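# Structural description and commentary
The lines below spell out each chain.
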Amino acid sequence: MNRIVMITVAASALLASVTLAQAGGRGCETCYEKVVTPPLYRNFTETVQVRPAHAIAHRTPAEYQTVHERVVLRHAQTTARQIPAEFGTVAQQVMVSPARKEWQVSVDHHGRHIGCWVVIPAQYAVQHRTVVIRPAQIVHETIPAVYGTQPRHVLVRPAQVHHQVIPAEYATRQRVEQVAPATARWQPIDGPRRHW
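All of these numbers come straight from a predicted model, not from anything done at the bench.

## Focus on the overall build of the protein
Of regular secondary structure, the protein possesses one helix and 14 strands. Looking at the protein as a whole, 9% of its 196 residues qualify as buried. Looking at the protein as shown, the accessible area adds up to about 16,300 Å², and 55% of this sits on carbon and sulfur atoms.

Below, the structure written as structure tokens:
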């Protein structure tokens, strides 16, 4: 800023000399000198944003685990099984003829005919016949289920997204700003009048 002021002052002095020289071509009662005031600058320190705040997304993938679980390979079943009847042979004494009275005539040793009622007992015989020892039946049998194991992937932890916030960055910068413009004015020159 000092260099700018020095150049401005030197230029003003040169301009004043030229003006006086031009004005000195003839006599003047009052002479004026042009006084130029250079512009005024000031240094400012300001904080500016270099990079705005932003967020970075960090993704954590899902986590899985293999577990073995019990599964049914074949469900329980109920079947009907028919058991045939069982037969056997049994011996049974049956009456062939019942007891009865029968008139019988006999001749004794004297030659006499003697009639008597004779009781004839019942007559029995053994008869074989087939009988049902156990009747036919239906038996329901349950076949138990068959189990086994199989692997399965299960989700242990779902995927997650974490956002990391990066704060904004700031920096301090110097800035030169003009606070007053340059001015020019004429002021009388003190001392005796000069004739150029």
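## Concerning the side chain of D108
Mapped onto the elements, D108 comes out in the loop between strand 7 (100-107) and strand 8 (113-120). Of note is the side chain of D108, whose polar atom sits 3.1 Å from the backbone nitrogen of H110.

## Some words on the environment of A62
Summarising the element assignment, A62 is placed in the loop between strand 3 (54-60) and strand 4 (63-74). Since its relative accessible area comes to 30%, A62 is described here as partly exposed. When the C-alpha atoms of A62 and V156 are compared, they prove to be 7.7 Å apart, with 94 residues separating the residues in sequence. Among all residues touching A62, those that are not within four sequence positions of it are L155, R157, P158 and A159.

## Some remarks on the pattern of salt bridges
Per the counting criterion, the structure on display carries nine salt bridges. Its salt-bridge partner being E169, residue R51 comes within 2.6 Å of it at the nearest N-O pair. Taken as a pair, R51 in strand 2 (residues 40-51) and E169 in strand 13 (residues 169-180) lie far apart in primary sequence, 118 residues in all. For the salt bridge of R157 with E63, the shortest nitrogen-to-oxygen distance reads 3.6 Å. Here R157, found in strand 11 (residues 146-157), pairs with E63, found in strand 4; they are 94 residues apart in sequence, far enough to count as distant. Owing to a relative accessible area of 37%, E63 belongs among the partly exposed residues under this scheme. Residues joined in a network through salt bridges with shared partners are E46, R175 and E177.

## Considering the confidence of the model for the protein
Confidence along the protein averages 81 in pLDDT terms, with 83% of residues attaining 70 or more. Contacts from residues 1-26, a stretch scored under 50 in pLDDT, to residues over four places away or in other chains number 16 contacts. Taken as a whole, residues 192-196 scores under 50 in pLDDT and shows 10 contacts with residues more than four places along the chain or in a different chain.

## Thoughts on a nonpolar patch on the surface
A cluster of nonpolar side chains, contributed by W103, V105 and W117, occupies part of the molecular surface with about 380 Å² of accessible area. Within the secondary structure layout, W103 lies in strand 7.

## A look at the packing of aromatic side chains
Here the structure, examined in full by the defined rule, presents one aromatic pair. Pairing W103 with W117 gives two aromatic rings, centres 5.2 Å apart and planes at 65°, and the pair type is edge-to-face. In this pair, W103 sits in strand 7 while W117 sits in strand 8, placing the two residues 14 residues apart along the sequence. With relative accessibility at 46%, the residue W103 sits in the partly exposed group. Geometry around Y147 places R70 over its ring, the cationic atom sitting 3.9 Å from the centre.

## Some remarks on the environment of R157
Accessibility expressed as a relative area gives 36% for R157, which makes it partly exposed. Between the C-alpha atom of R157 and that of Q65, which follows or precedes it by 92 residues, the distance is 9.4 Å.

## Focus: the side chain of S97
With respect to the helices, strands and loops of the structure, S97 is situated in strand 6 (residues 86-97). Here S97 is in contact with A122 and Q123, once residues within four sequence places are set aside.

## Considerations on the environment of V176
One can find V176 in strand 13. Using a relative accessible area of 56% as the deciding quantity, one classes V176 as exposed. Spatially, the C-alpha atoms of V176 and R42 are 5.6 Å apart, while their sequence positions differ by 134 residues.

Rules used throughout
- Residues numbered from 1 in each chain as written.
- Predicted model: local features only at pLDDT ≥ 70, side-chain atom pairs only at ≥ 80, totals over all residues.
- Heavy atoms only, no water.
- Helix = DSSP H or I, 4+ residues; strand = E, 2+ residues; numbered from the N terminus.
- Buried < 20%, exposed > 50% of the residue type's maximum accessible area, 1.4 Å probe, protein only.
- Areas by Shrake-Rupley, 256 points an atom, 1.4 Å probe, with all protein chains shown as cover.
- Polar contact = N/O pair within 3.5 Å; in protein donor to acceptor, adjacent residues only side chain to side chain.
- Contact = heavy atoms within 4.5 Å.
- Salt bridge = Lys/Arg side-chain N within 4 Å of Asp/Glu carboxyl O.
- pLDDT = per-residue confidence, 0-100.
- Patch = residues over 30% accessible without salt bridge, like charges linked within 9 Å, V, L, I, M, F, W, Y side chains within 5 Å.
- Phe/Tyr/Trp six-rings, centres within 6.5 Å; stacked < 30°, edge-to-face > 60°.
- Lys NZ or Arg CZ within 6 Å of the ring centre and 35° of its normal.

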